[in-house]
Amino acid sequence: MRLGGRLAAAIEVLEDIAKRHRPVADALKDWGLSHRFAGSGDRSAIGNLVYDVLRRKRSFGWRMGNDSNRALVFAALVESWRLAPDGIAAALEDDRFAPKLPGEAEWTRFAQADLGKAPPAVQADVPDWLVGELEASLGADWIAEAAALGDRPPLDLRVNTLLADRAKASAALAEFAPAPTRLSPLGLRLPPIEGAGRHPNIQAEAAFQTGLVEVQDEGSQLAALLVGARPGETLLDLCAGAGGKTLALAAATGGEGHLHAFDADRRRLAPIYDRLRRAEARDVAVHGRMEDLAPLEAKADRVVVDAPCTGAGTWRRRPDAKWRLSSQAVEKRIAEQDAVLDTASRFVRPGGGRLAFITCSVLARENTARVEAFLRRHPDFALEDGGANWREHLPEAPEDVHLRPLEGGTALLLTPRRSGTDGFFFARLVRR
Ligand SMILES: C[S@@+](CC[C@H](N)C(=O)[O-])C[C@H]1O[C@@H](n2cnc3c(N)ncnc32)[C@H](O)[C@@H]1O
């Protein structure tokens, strides 16, 4: 396909997403199934265009003076693909599938628009209703923080220390030139893609298949390290899902822990078995029934709650979620978070057991407010000092996180702008 066909396809997919309120991945998959002639290069170019528009659709529309999907894909070509309007016009010449090019006036407006004069929600590229919520959550710099959630994300890998160190994994993936991550001592990073490019299919690589690396955002790696798991401990990963944190915890215990992985939705656990096998993590018991956890009541040294949340820290990867989110959806997640924290508290060993609360959201209602509410319901728990925890478990890493002082301790918030990671919240509590 030429550029014109790719632009037309991106517009079609964006219209489908808007009309049917469907997740972007589903809309792209359907488009691919009904256009089998499109090659893999076409699909990634179309996908990139769609994602780039969804990441910044309000600021693009404001700068263009036109928020049609046609105007937005052209804005993405200039802003995210770094193509010049002249080059775009030349590439589309005689292309019968090409959508109508923006006129001279539209391009001039786009180039000269001063985004600093736009309403805050436009500058931040978020729905209006989120303004108060994000300001309360992210403070004075909230616009820049929210805008950074609209950047293209890197691809991060965690080195599985049960089988390799960073040098060995890096050598195995040398052709992709991964760089060590800045904060996580276990991470390798491939930078964000450019233009129509795409990240390599790491899952097809020997280094992945033989368990040397897992795909995991650096923020998720840091959260797992901050749990502070040690060999010999009894650990419960209560919201294990597909096992991202479980695998990291298993590596942290050096294969010498007693690690239990549970999820309320048994189907979500399905990928964990293969992943554990590949990683050679042998000290993990996977449970699909709450009754199985009864022997762990008040026995676990550490309980991890990687809570169900809105994912408002992962908008770089799932920008459609930003536009679908509603205040009612936040309320629903909050109720789930309170319930799962209450359940988790039962398993923590009195006299020094720890409860780690993690979300991939930046919203204070899902983060600090949940910790405060939990502490009110459970006076036998206390919040620890998150800064001290960081220095203990990440001694080499600069403290490039937001500290969130709360009654008695400090929680941590990682963001793309401050930490270069997805948005993650982390709080560790101790049971007295
Ligand atoms: C953020 S995801 C977990 C991601 C996973 N830990 C990882 O690192 O790949 C949250 C998970 O919590 C599970 N969940 C929701 N409510 C729960 C509850 N009350 N008890 C246990 N798990 C729950 C959901 O099914 C979902 O899989």
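Our subject is the structure listed above.
As a starting point, this report considers the structure included with it. (Residues numbered from 1 in each chain as written. Predicted model: local features only at pLDDT ≥ 70, side-chain atom pairs only at ≥ 80, totals over all residues.)

### Section: the overall build of the protein chain
Phase 1 of the analysis: When helices and strands are counted, the protein chain shows 19 helices and 13 strands.
Phase 2 of the analysis: Taking 432 residues into account, the globule formula puts the C-alpha radius of gyration at 22 Å, and the protein chain, at 23 Å, falls close to it.
Phase 3 of the analysis: Seen through its principal axes, the protein chain has C-alpha atoms that stretch 70 × 45 × 40 Å.
Phase 4 of the analysis: Taken across its 432 residues, the protein chain has 46% of its residues classed as buried.
Phase 5 of the analysis: Taking the intrachain contacts of the protein chain between residues at least 6 apart in sequence as the baseline, contacts between residues at least 24 apart amount to 72%. (Helix = DSSP H or I, 4+ residues; strand = E, 2+ residues; numbered from the N terminus. Rg over C-alpha atoms; globule rule 2.2 N^0.38 Å. Buried ≥ 20, exposed ≤ 12 C-beta atoms within 10 Å, placed from the backbone. Contact = placed C-beta atoms within 7 Å.)

### Structural notes on the environment of E336
Phase 1 of the analysis: Mapped onto the secondary structure, E336 falls in helix α16 (residues 327-347).
Phase 2 of the analysis: E336 sits in the partly exposed class, given 16 other C-beta atoms within 10 Å.
Phase 3 of the analysis: Between the alpha carbons of E336 and C309 there is a distance of 8.4 Å; along the sequence they are 27 residues apart.

### Topic: the packing of helix α13 (residues 244-252) against helix α14 (residues 272-279)
Phase 1 of the analysis: The interhelical angle for the contact between α13 and α14, taken along N-to-C directions, is 25°, at an axis separation of 10 Å. In terms of orientation, α13 and α14 fall into the roughly parallel class. Read as a crossing pair, α13 and α14 show a hand that is right-handed. Listed contacts from α14 to T246, L247 and A250 of α13 are I272, R275, L276 and A279.
Phase 2 of the analysis: When the residues that make up the contact of α13 with α14 are grouped by side-chain class, the tally is 5 nonpolar, 1 polar and 1 charged. (Axes fitted to C-alpha atoms, helices over the stretch in contact; angles between N-to-C directions. Parallel < 35°, antiparallel > 145°, perpendicular 65-115°, else oblique. Left-handed = near helix turned anticlockwise from the far one by under 90°. Nonpolar A, V, L, I, M, F, W, Y, C, P; charged D, E, K, R; others polar.)

### Brief notes about the packing of helix α1 (residues 3-20) against helix α4 (residues 69-79)
Phase 1 of the analysis: In contact at an axis separation of 9 Å, α1 and α4 are set at 125° when each is read in the N-to-C sense. By the angle class used here, α1 and α4 are oblique. In this structure, α1 meets α4 at a crossing whose hand is right-handed. Between α1 and α4, the contacting residues are L7, A10, I11, L14 and E15 on the first element and N69, R70 and V73 on the second.
Phase 2 of the analysis: For the contact of α1 with α4, the residue count by class is 5 nonpolar, 1 polar and 2 charged.

### A few points about helix α8 (residues 131-138)
Side chains that are three or four residues apart share a direction in an α-helix, a result of its 3.6 residues per turn.
Phase 1 of the analysis: Taken as a whole, α8 has its buried residues at E133, L134, S137 and L138. All buried residues of α8 fall inside an arc of 100° around its axis, so they share one side.
Phase 2 of the analysis: Where the residues of α8 are buried, they touch α7 (120-124) and α9 (142-148).
Phase 3 of the analysis: One or two steps after α8, the chain reaches G139, where phi turns positive at roughly 80°. (Arc of directions from axis to C-beta.)

### Here we look at the site of the ligand
Phase 1 of the analysis: Neighbouring the ligand are 18 residues; C239, G241, G244, A264 and D306 lie closest to it.
Phase 2 of the analysis: If you list the elements that add at least two residues to the shell around the ligand, you get α13 and α16.
Phase 3 of the analysis: Per-element accounting of the shell around the ligand gives the leading share, 4 residues, to α16.
Phase 4 of the analysis: Split by residue class, the shell around the ligand holds 8 nonpolar, 4 polar and 6 charged. (Near = placed C-beta within 6 Å.)

### Structural notes on the sheet that holds strand β4 (residues 213-215)
Sheet strands pair by backbone hydrogen bonding; their relative direction is either parallel or antiparallel.
Phase 1 of the analysis: The strand order across the open sheet formed by 4 strands is β2-β3-β1-β4, and the pairing between neighbours is antiparallel. Bordering the open sheet on either side are β2 (179-180) and β4, each of which pairs with just one other strand.
Phase 2 of the analysis: Judged from the 2 bridges that link them, β2 and strand β3 (residues 187-190) form a sheet pairing that is antiparallel. When the sheet's bridge partners are listed, P180 is paired in β3 with L188. (Pairing = 2+ DSSP bridges.)

### Things to note about the environment of E366
Phase 1 of the analysis: Positionally, E366 belongs in the loop between β9 (354-359) and α17 (368-377).
Phase 2 of the analysis: Of the residues examined, E366 has 25 C-beta atoms within 10 Å and is grouped as buried.
Phase 3 of the analysis: Aside from chain neighbours lying at most four places away, what touches E366 is C309, T310, V330, R333, I334, Q337, T359 and S361.

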